[in-house]
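# Structural description and commentary
The chain contents come next:
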Amino acid sequence: MSKKIGSRYLPYCFLTPAIVFLLLFMAYPILNVFYYSLQNYATNKPYLRGFVGPGNIIKILTEDKTFRASLLVSVKWVVVQVGLQLVFGLMIALVLNQRFRGRGILRAIVFAPWAVSGVLTSMMWSLMYNENMGVVNDFLMKMGIIKKGIAWISGYGTSFAALTVAELWRGIPFFAIMLLAGLQSIPDEEYEACSVDGGTRWSKFLYITLPHLKETIVLSTLLRAVWEFNNVDVIYNLTGGGPVNRTMTLTMYITQTAIRDSNFGYGSAIAVISFVILAVFAAAYIKLTGFGEEEKA
């Protein structure tokens, strides 16, 4: 009898370390953020500490112009990044799915940027964008496109585009990896049958490749959208949200409010709103795209 009881609870014993880890390092921090969002908690103003309830959130939604501006920048950043990364990632995946000599080496080269950290990526692109000695300006001047160096990451009209290119370099390999895995799962027989029926490359892409890649595209775009919405390392290290809040995303605003200004209560309230926005977006996106419904059927 005791052996049966022991075997019944044995799986829970194995799960206990993982559950404790999740509670300590995920559930507790999240609940702590929700708690501080209801507090007026700024370390540089201890005399103002106290419970304010939804006061912080109401102030953010009704009075904070920087919040609205940073939210619009975040939406623009996510749409541009995810859209371009998906298109270029799909193009690269289609090329790498072909059989040719040196394919393994080319795959390693293409996927390498994904393994580079955000800080290292920022340092590399900061040097490349340097107004005086950067290779970007040097190349463009030698090509006769520009006459003098451009301050790419500090210019009002060029900072967002410069950030976009830097993040694309790091983000495209993610889509290439995901889509290449999906392409390799498509049976060759379907393409052969389409060729027998007189199908063109375009018809194969539209009626075979894309339908098979639907689930992969939905999942990868959802994950990448959440990651890009929360992106802070490349933006923080290249522009810091400037110039004049031109690249100030919502995550950057949270970072500056909570860490630089030491206003943890207000910063936590912004983080809670960001959490709700992402949760609603994820639920709506999954519902609209019908992700997982084919498997259930």
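Residues numbered from 1 in each chain as written. Predicted model: local features only at pLDDT ≥ 70, side-chain atom pairs only at ≥ 80, totals over all residues. Heavy atoms only, no water.

### A closer look at a negative patch on the surface
- Together, Asp188, Glu189, Glu190 and Glu192 make up a negatively charged patch on the protein surface.
- Following the sequence through the fold, glutamate 192 ends up in helix H8 (residues 188-196). (Patch = residues over 30% accessible without salt bridge, like charges linked within 9 Å, V, L, I, M, F, W, Y side chains within 5 Å. Areas by Shrake-Rupley, 256 points an atom, 1.4 Å probe, with all protein chains shown as cover. Salt bridge = Lys/Arg side-chain N within 4 Å of Asp/Glu carboxyl O. Lys, Arg positive; Asp, Glu negative; His and termini not counted. Charge placed at Lys NZ, Arg CZ, Asp CG, Glu CD. Helix = DSSP H or I, 4+ residues; strand = E, 2+ residues; numbered from the N terminus.)

### Focus: the packing of aromatic side chains
- All told, the structure shown has 15 aromatic pairs when counted by the stated rule.
- Here the aromatic rings of phenylalanine 34 and phenylalanine 275 are separated by 5.8 Å at their centres, their planes lie at 85°, and the arrangement is edge-to-face. Of this pair, phenylalanine 34 sits in helix H1 (residues 2-37) while phenylalanine 275 is found in helix H12 (residues 264-289), placing the two residues 241 residues apart along the sequence.
- Considering the side-chain rings of tyrosine 41 and phenylalanine 264, the 6.2 Å spacing of their centres and the 50° angle between planes classify their relative orientation as tilted. You can see tyrosine 41 sitting in the loop between strand E1 (39-40) and strand E2 (50-51) and its partner phenylalanine 264 sitting in helix H12, a full 223 residues away along the chain.
- On the basis of relative accessibility, which here comes to 24%, the residue tyrosine 41 falls in the partly exposed class.
- Joined through ring pairs, the aromatic side chains of Tyr35, Tyr36, Tyr41 and Phe264 make up one cluster.
- Taking NZ or CZ as reference, lysine 76 lies 4.3 Å from the ring centre of phenylalanine 160, over its face.
- One cation-aromatic arrangement involves arginine 246 over tyrosine 156; the distance from NZ or CZ to the ring centre is 4.8 Å. (Phe/Tyr/Trp six-rings, centres within 6.5 Å; stacked < 30°, edge-to-face > 60°. Buried < 20%, exposed > 50% of the residue type's maximum accessible area, 1.4 Å probe, protein only. Lys NZ or Arg CZ within 6 Å of the ring centre and 35° of its normal.)

### Overview of the side chain of serine 274
- When you line up the elements, serine 274 lands in helix H12.
- Among all residues touching serine 274, those that are not within four sequence positions of it are Phe229, Asn230, Leu250 and Ile254. (Contact = heavy atoms within 4.5 Å.)

### Quick look at the nonpolar core
- Within the largest apolar cluster, 47 residues are counted, with the highest numbers of intra-cluster contacts made by Ile60, Phe67, Tyr129, Leu179 and Ile270.
- Of all the secondary structure elements, the ones that give two or more residues to this core are helix H3 (65-96), helix H6 (135-142), helix H7 (159-184), helix H9 (201-229), helix H10 (233-238), helix H11 (250-260) and H12.
- Considering every element that reaches this core, the biggest residue donor is H7, with nine residues.
- In this structure, leucine 179 is in contact with Leu86, Gly89, Leu90, Ala93, Leu213, Thr216 and Ile217, ignoring residues within four places of it in sequence. (Core = buried A, V, L, I, M, F, W, Y, C linked by side-chain atoms within 4.5 Å.)

### Some remarks on the side chain of threonine 221
- Residue placement: threonine 221 occurs in helix H9.
- One polar contact links threonine 221 to tyrosine 285, side chain to side chain, over a distance of 2.6 Å.
- Excluding its chain neighbours within four sequence positions, the residues that come into contact with threonine 221 are Val82, Leu86, Phe175 and Tyr285. (Polar contact = N/O pair within 3.5 Å; in protein donor to acceptor, adjacent residues only side chain to side chain.)

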